[in-house]
There are 2 protein chains.
Amino acid sequence: VEILLNYIKKTYDGKSKVLDFHHPHQLLEGLEGFSLELRDQPEPLEQILVDCRDTLKYGVKTGHPRYFNQLSSGLDIVGLAGEWLSATANTNMFTYEIAPVFVVMEEILLKKMHEMVGWGEMEADGIFSPGGTISNLYSVLVARYKRFPEIKTKGMAALPHISLFVSEHSHYSVKKAAAVLGIGTDNVIAVKCDERGKMIPSDLEAKILKVKRQDHIPLYVSATAGTTVYGAFDPLDNIADICEKYGLWMHVDVMLFRNIFGLSPRANSVTWNPHKLMGVPLQCSAFLVCEKGLLQACNQMCAGYLFQPDKQYDTTYDTGDKTIQCGRHVDVFKLWLMWKAKGTRGFEILINKSLELAEYLYKELNSRENFELVFDAEPELTNVCFWYIPPNLRRIPNGPEREKLLHQVAPKIKARMIEEGTTMVSYQPHGDKVNFFRMVFSNPATRKSDVDFLLEEIERLGKDL
Amino acid sequence: VEILLNYIKKTYDGKSKVLDFHHPHQLLEGLEGFSLELRDQPEPLEQILVDCRDTLKYGVKTGHPRYFNQLSSGLDIVGLAGEWLSATANTNMFTYEIAPVFVVMEEILLKKMHEMVGWGEMEADGIFSPGGTISNLYSVLVARYKRFPEIKTKGMAALPHISLFVSEHSHYSVKKAAAVLGIGTDNVIAVKCDERGKMIPSDLEAKILKVKRQDHIPLYVSATAGTTVYGAFDPLDNIADICEKYGLWMHVDVMLFRNIFGLSPRANSVTWNPHKLMGVPLQCSAFLVCEKGLLQACNQMCAGYLFQPDKQYDTTYDTGDKTIQCGRHVDVFKLWLMWKAKGTRGFEILINKSLELAEYLYKELNSRENFELVFDAEPELTNVCFWYIPPNLRRIPNGPEREKLLHQVAPKIKARMIEEGTTMVSYQPHGDKVNFFRMVFSNPATRKSDVDFLLEEIERLGKDL
C-alpha cells in the first residue's frame, strides 16, 4: 500500500518523468534486479515488493499531467478507491445472489444515463461491458437481432444480405464487430465526411439507396458524437431523419458528457464510456438500448447452474444472461462512487476544464508560427490536431516532397519524447493527411503550463529535423 | 484503505456471516443511511466512506471460508495487491507504448502456459480476455477463420453450412458464441455423455458423420477438462483422434491445473481461467492457440491512431490488434505476481488442497444417511454433487412423486441459507436429475470443519421439509 501511495504522489508531480523507456527485449532479458521470469519455487516477500516497485517504475504514468497519449488519462482518487474496493469484494456481476449491491447500482446508473441521453422515462435497458469496442459490438448484435430474431438459432445463413454504415472517420470497432459477428467487413459501408470530419448525410442517403438497388438490406448506422482523431460530431438529427425514412437502427457512439441531455434521444442505442472524459479508472463502458428486454432475448441461454428460476428473490435482477460474457467484472462501483462524490455537476466541471484546455491549445497553435492546424475550427471536443513544421521544412514549398518529409517529423519527435520520458502525445496519419499530432485532454491535473510545456518540448525535440 | 483492511479481516473470519441478505426492492428504496440514488451535487467525504462500508456490508463475502457458491472464491492477498497496483497504474493493454511492462508480462505468462499445456517450444500465441466465455468465443472465431479466412471480409454468406460440437454437459459459452458469431445455436450439436458426464467419443463420431451426410462442414469440437456441474473430464485423446480423422479444430476448456503438463498437447486451442482454481482475483482468463499469427490475422484492423507502423520500438509488441476489444484491462499483473510469490509449486499445493477437500466431502456424504450422491465416483475435480433427503422424503418410495418433492428441497434450503447468511452453496437441476447441490472448492481458507458445518447446516435448515 505504501508503494502505491508513493507512486500516486509521484504521478501527480508534474516534474517527474512520464515514463522510463526500455525496449521490449530489454524487459524480456531483465533489468537490474527486475526479472520477469517465472519459477517453480516461491520468491521471498521482499523480492515481491521490489517487483511491485519496479513494475511501476518501468511503466507509464497515465495520471501524469503531461501524459496526453490517450483519451483515458488522469487518476481520480475516489475512482481508484472504488476500484480497490471492487477488487477486494472480488465478485461477479452475473447474479444478484452474489453481487446484490453492484447489480442494483448498475440498474441505477443505467437509469440515470438513460435520462441524460434523453430517453426520459422510457423503459430502457443496457449493460456495462469490457470497453467501448464491445459496447459497439453489442449495438450491431442487438440491431441485427431486433430485425431478424432467427439469427440466434439459424445464423447468418437464414438472413438476407445486410449492410452497416459508418463514417470514414468513425472508430474501427464497427468493422471489428462485423468481422466477429459473421457479417464481414465488406458489408460495412464508409460514408464520406466533410473537412471537419463530420458524416455527410446526403452521402449516407446515397449509399443506402445504392445497397437497396443491390437488394441488400441497409440495417444500421453508427454515428459518432466526438470522433477518435478529429473529435468531430456527426449531424445526429439529419442522420436520425434518414434512419427513420429507411428504417435503419441508429447507434450513437458518444464521447461527450457536457450537454449530453437530450443529445441523442432519437438513437436506438448509445455507447457511453465513462473511462474517457469522465475520468473513471479503466475499464468502464456502458451500452444503452432504448428497448427493454431486447438484450436479454438476444443473448440469454438460461444456464441452469446460474439462473435458477426457483430462487427466493426477484430473478429479473439476475442480469448476467443479458451479456455475451458469463462472469463479468464489477465496473459499476467506481463510477457510482465518483458520481456520489462529484455529483452530476462535478462531472460537468471536469469536462469543461478539459474543453477549456483544448480551446487554449487551439489559440496557442494559431498564434505560434511553427505549428499548423490540421483543420482550422474551434474544437468541439478536447481533440486538437496539428503539425509541427521544423525550420528546415518551412523553406520547402507545399508539394509531395514536403509532405514526405513532414510525414516523418511526428514519429521522430515522438521517439525522442519517449526516450526522454518528458511527455507523451499521440500521432497518426489520417486519410490523405500525413502524420500529425493529436492532443486530447481528460486529466484534471493538467494545467495551461503543461500545454505550453508540450509545445516547447516538441519544438526543442524537433527543431533540427 | 482502513475500511478495506477491516473487511478483509472479517472475510477470513469463519464465524462472521457470509452475507447480510436484502431483496432488490429494499436496496433500491434505500436502507438506513445507505441510499444508492445519484444527485446533481456532490456528497461529503464522510458520506462516501459510509457508502463504501455499506457496500461491503450488504455484499457477499466471496473470500469467506464457507462461501462455496461459485468456483471463483477465496481472496488471495498477493493477487489482491496485484489488482490494486494494476488499478493504480490505470493503463490499457493495447500498445507496448503505454503498458510496456504488462505487455511483456503477458508474453511471459502465455509462454509459460503453453509449456504447461504441452505444446513445448512450438510458436504458440494467445491473449488474456474478459472471462472464460469470451476465451471460448475466441476459439470458435479463430477456428472459423483458419478454415475460411474469407469470413473476415465476406461474412458467413460466403461460407458453407458449418457445425460445432460440444458435449451436453459442456458450458453454455459455445452456444453463446455461435449466436454472437452468426453461426446460430441450431448448428451447435450436443454430443451425449456417459453417467459420469464425460463426452462419448462414438457419439461424437456418429454425429460428425451425420452432418457430413447433410453436406454440412464439421468444423470444431470443444472438449472440457472439468465440466461446470459434474467436474468431469472428457476423454481428450479419443476426441483428438476423431478430430484428426475428420479435420476438426479441437478446443479444450480447461479447469484443472494439477498435472496439466501435457494435458492437451493435441488441442488446437485452450481456454485456461486462472481466476478459478488458481485463486487469482476476477477476472483472469487466457485463450491459448497453437499457431502464431492466427489471432492477429483474424482480428487486426490496423487502426492508424494506435498501431503506427513507424514507431521506434518493435511494434510486434503492440498486441492490441489481436483482440476483439480495443482497450483491454490489465489482467496479467496479479497472476504474474502470484506466480512469483507462490511458484508453480505453490499453485499445485493450492489446488491439491481443494481436491483433498472434495475427497473428504465425498467420503462424508457416502457415510451420512441423509445424503445421496448424484453419481457415485471419486471426484476428479473439486465438484461434488449431492441431494439432501429430508426425513419425510425418506419414507416415500422412488418415483415421480418423490422426485417432485425432492426438486423443491434444495431451493428451499438455499433460500433459508441466504436469509440466515451462514453459508452459500449452489444448486441446479441437470438433464433428468432434479435440483441437487453442487459443491466446488477453490478457497484455501476452507477447512474440513467448514465442510462439516455445511452438511450440518443443510440438515438443520432442511430437516422439516
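Residues numbered from 1 in each chain as written. Chains lettered and ligands numbered in written order. Predicted model: local features only at pLDDT ≥ 70, side-chain atom pairs only at ≥ 80, totals over all residues. Heavy atoms only, no water.

1. Concerning the relation of the copies chain B and chain A
For the record, the criterion: Here the copies are matched by least squares. The fit uses the C-alpha atoms of residues with pLDDT of at least 70 in both.
It takes a turn of 180° to lay chain B on chain A, together with a shift of 0.0 Å along the axis; the resulting RMSD is 0.0 Å. Here the symmetry operator amounts to a two-fold rotation axis. Rotation axis and chain B: the residue whose C-alpha lies nearest the axis is B:L181, separated from it by 2.0 Å.

2. Observations concerning the environment of A:D125
Residue and element names in this part refer to chain A. What counts is decided by this rule: Runs of H or I in DSSP of at least four residues are treated as helices and runs of E of at least two as strands, each being numbered from the N terminus. Any two residues whose heavy atoms approach within 4.5 Å at even a single point are treated as in contact. As used in this structure description, the phrase polar contact means that two N or O atoms lie within 3.5 Å; if the pair is within protein, one of them must be able to donate a hydrogen and the other to accept it, and residues adjacent in sequence are counted only when both atoms belong to side chains.
Residue placement: D125 occurs in strand β2 (residues 125-129). Along the backbone, D125 and G293 are 168 residues apart, and their C-alpha atoms lie at a distance of 7.2 Å. Apart from the residues within four sequence positions on either side, D125 is in contact with H114, F287, L288, V289, E291, K292, G293, L295 and K322. A distance of 3.3 Å separates a polar side-chain atom of D125 from the backbone nitrogen of G293.

3. Remarks on the domain arrangement of chain A
All names here are of chain A. Just so we agree on the cut-off: All the domain ranges listed were derived from an automatic or database domain assignment. Defined here as a combined quantity, buried area equals the accessible surface (1.4 Å probe) lost by two parts on assembly, summed across both. Salt bridges are defined by distance alone: a side-chain nitrogen of Lys or Arg within 4 Å of a carboxyl oxygen of Asp or Glu.
For chain A, the assigned domains read domain 1 (1-19 + 60-91 + 334-464) and domain 2 (92-329). Domain 1 puts 38 residues into the contact, and the matching count from domain 2 is 40 residues. Around 3400 Å² of area is buried between domain 1 and domain 2 when both sides are counted, 70% of it from carbon and sulfur atoms. E380 is the partner of K198 in a salt bridge, and the nearest nitrogen-oxygen pair spans 3.0 Å.

4. A look at the side chain of B:T382
Residue and element names in this part refer to chain B. Residue placement: T382 occurs in the loop between β9 (371-373) and β10 (384-388). A distance of 3.1 Å separates a polar atom in the side chain of T382 from the backbone oxygen of F441. When sequence neighbours within four positions are dropped, the list of residues in contact with T382 reads L71, L277, S354, L355, A358, M439, V440 and F441.

5. Examining the UniProt feature "modified residue: N6-(pyridoxal phosphate)lysine" (unreviewed entry) in chain A
Residues and elements named next belong to chain A. Note the following rule: UniProt positions are given in the numbering used here, feature names are shortened, and annotations may be inferred rather than shown by experiment.
Following the UniProt record, the feature "modified residue: N6-(pyridoxal phosphate)lysine" (unreviewed entry) maps to K276 here. Counting through the fold element by element, K276 comes out in the loop between β7 (269-272) and β8 (285-289). In this structure, K276 is in contact with L71, S72, M255 and S442, ignoring residues within four places of it in sequence.

6. Topic: the pairing of strand β2 (residues 125-129) of chain B
All names here are of chain B. Which entries qualify depends on this criterion: For the exposure calls, accessible area comes from a 1.4 Å probe over protein chains only, and a residue counts as buried if that area is under 20% of its type's maximum, exposed if over 50%, partly exposed in between. The criterion for strand pairing is that DSSP finds at least two bridges linking the strands in question.
The buried fraction of β2 is high, at five of five residues. Burial of β2 is two-sided: the residues D125, I127 and S129 facing one way and the residues G126 and F128 facing the other way are all buried. Two elements, β2 and strand β8 (residues 285-289), share five bridges in a ladder whose sense is antiparallel. What sits directly across from S129, in β8, is S285.

7. Observations regarding the environment of B:V384
Residues and elements named next belong to chain B. As for its placement among the helices and strands, V384 is situated in strand β10. For the pair formed by V384 and Y230, sequence separation is 154 residues and the distance between their alpha carbons is 7.0 Å. Setting aside its immediate chain neighbours within four residues, V384 contacts A358, L361, Y362, L365, L373, P379, F437, R438 and M439.

8. Some points on the packing of aromatic side chains
Put simply, the rule reads: Centres within 6.5 Å are what make two rings of Phe, Tyr or Trp a pair, Trp counting through its six-membered ring; a difference in plane orientation under 30 degrees is then read as stacked, over 60 as edge-to-face, and the rest as tilted. For a ring to carry a charge above it, either NZ of a lysine or CZ of an arginine must fall within 6 Å of the ring centroid while also lying within 35 degrees of the normal to the ring plane.
In this structure the tally under the stated criterion is 35 aromatic pairs over all chains. With centroids separated by 6.2 Å and ring planes inclined at 40°, the aromatic side chains of A:F21 and B:Y313 adopt a geometry described as tilted. With A:F21 in the loop between α1 (2-12) and α2 (24-29) and B:Y313 in the loop between α11 (294-299) and α12 (332-367), this residue pair bridges two chains. Assessed through its relative accessible area of 11%, A:F21 is described here as buried. Site record: aromatic cluster; members linked through ring pairs are A:F34, A:Y58, B:F102, B:F333 and B:W336. Above the face of the A:F453 ring, A:R66 is positioned so that its terminal group lies 3.7 Å from the ring centre.

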